[in-house]
Amino acid sequence: MWSKIYKTIVLFTLLWSVHPMFAQENLDDVLSNGIKTVVIDPGHGGKDPGCHGGITNEKTVVLAIGLKLGEYIKSKYPHIKVIYTRDSDKFIELDHRAKIANENHADVFISIHANAAGSAAYGTETYVLGLHRTESQQQVAERENSTILFEDNSEEKYKDFELTPDAIIARQLQLSVFLNQSINLASKIQAQFRAIDRRDRGVKQAGFLVLYKTTMPSVLIETGFLTNSSEEKFLHNPVNQIKMANVIFKAFQEYVAEIEGVNTLVENGAGFEASIKEIKESDEEEQIVFKEEKDNVYFKIQVETSRVPLSVNHKRFNNIAVKEYKQDGLYKYTAGLFENDFDAANAYKQEMQNIGFKHAFVVGFVNGQRIPIAEAIKLAKK
Ligand SMILES: [Zn+2]
């Protein structure tokens, strides 16, 4: 009984705080006047590092991507006001980020983050506000929301604030006029990630506090998993940070053109090629080598064998990155790549077994050919 009354109060408060009519007017305004203000929100910062891997953390990576994105937007659209919730390594409270967007009457809000999970998970996803459909989506939202633990008085500030399913649904209803636009932008971003061969984990919904509070089309981008060593290396690399900003910018151009009903040439950000070239030339030795070099021994973890070819996105692979090779008429699938390092491969095999690949085992390769494991270990020791 009391909980029902409580829920009614919550619903009432929420419905009252942003009336759908107000939201509709906002959207009409955007549709007729186009995009005038963009708020870019690099997640975390200062005392809140966000998630991390072995070599970098979230606040660093997302700031680099966010700043570059803003630069590209300013250059192509001098009339669009670009506002950052932070443009340096500074802690900003979650509700303040939303407030910046709301008070500046932003027409779109883009929050940039990086993800964390088991070491095998990888890929990109873009969120809009909604009810999560899986536990892992809820975990992403919970992790991102937990930044409020770094805030002073967070208990007091958020005491009336509960992201219950009822509250999220009510809020989604109020903001429903923006939801289609949010999903639209999110889909364009994911399509652009696919275009540069980033794994597309899809457009998703979850109860993110920051999206809950913004009153305009809003997305939260998870640019990749820092807990996955190859994605961490990818996101740590300045060349790839620029590439990520560039494809988000491309999605943004498509979005603006659609909202404003004009044709546009979707192009790279100003100076994109030059800056890529410059970085490549300046620290060539820091470039990460993904390809296998001649005569080196490579250990991989074989996780699956099949008589028929399987898509690398097959659900059997449980979202881990796999590569296919053919041997004796069978299709075999491996995860991980360890140069001359059997022990590291063996540890990774254990991880694979722990997440359900019970029969995972280490295999050795030289020049693209599988060789007996004893021979591979011997060669690696040399
Ligand atoms: Zn984050």
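Residues numbered from 1 in each chain as written. Predicted model: local features only at pLDDT ≥ 70, side-chain atom pairs only at ≥ 80, totals over all residues. Heavy atoms only, no water.

**Regarding the pairing of strand S6 (residues 218-225)**
Move 1: Counting buried positions along S6 yields 8 of 8 residues, so the element is predominantly enclosed.
Move 2: Pairing analysis gives 6 bridges linking strand S3 (residues 108-115) to S6, with the strands arranged parallel. Paired with His113 across the two strands is Glu222, which belongs to S6.
Move 3: Of the pairings in the sheet, the one linking strand S4 (residues 124-129) to S6 comprises 3 bridges and is antiparallel in character. Across the sheet, residue Tyr127 finds its bridge partner in S6, namely Leu220. (Buried < 20%, exposed > 50% of the residue type's maximum accessible area, 1.4 Å probe, protein only. Helix = DSSP H or I, 4+ residues; strand = E, 2+ residues; numbered from the N terminus. Pairing = 2+ DSSP bridges.)

**Thoughts on the side chain of Asn246**
Move 1: Inspection of the secondary structure puts Asn246 in helix H11 (residues 238-260).
Move 2: Relative accessible area serves as the criterion here: at 2%, Asn246 is assigned to the buried category.
Move 3: If sequence neighbours within four positions are ignored, Asn246 has contacts with Tyr72, Asn268, Gly269 and Phe272. (Contact = heavy atoms within 4.5 Å.)

**Some remarks on the coordination of the zinc ion**
In an ideal tetrahedron of four donors about a metal, each angle is 109.5 degrees. In an ideal octahedron of six donors, the angles are 90 or 180 degrees.
Move 1: The protein atoms donating to the zinc ion are His44 (NE2), Glu58 (OE), His113 (ND1), Glu144 (OE) and Glu144 (OE), with metal-donor distances spanning 1.9 to 2.5 Å.
Move 2: Of note, the donors binding the zinc ion are all from one chain and are spaced H-x13-E-x54-H-x30-E. With His44 in the loop between strand S1 (37-42) and helix H3 (58-76) and Glu144 in helix H5 (residues 135-145), this pair connects stretches of sequence that are 100 residues apart. Of the two residues, His44 and Glu144, both sit in the buried class. (Donors = N, O, S within 2.8 Å, 3.2 Å for Na, K, Ca; no water.)

**Things to note about the packing of helix H10 (residues 229-236) against H11**
Helix packing geometry: the angle between the two helix axes and the distance between the axes.
Move 1: Their axes nearest at 5 Å, the elements H10 and H11 cross at an angle of 80°. Between H10 and H11, the interaxial angle falls into the category roughly perpendicular. In this structure, H10 uses Phe234, Leu235 and His236 to contact H11, whose residues at the interface are Pro238, Asn240, Gln241 and Met244. (Axes fitted to C-alpha atoms, helices over the stretch in contact; angles between N-to-C directions. Parallel < 35°, antiparallel > 145°, perpendicular 65-115°, else oblique.)

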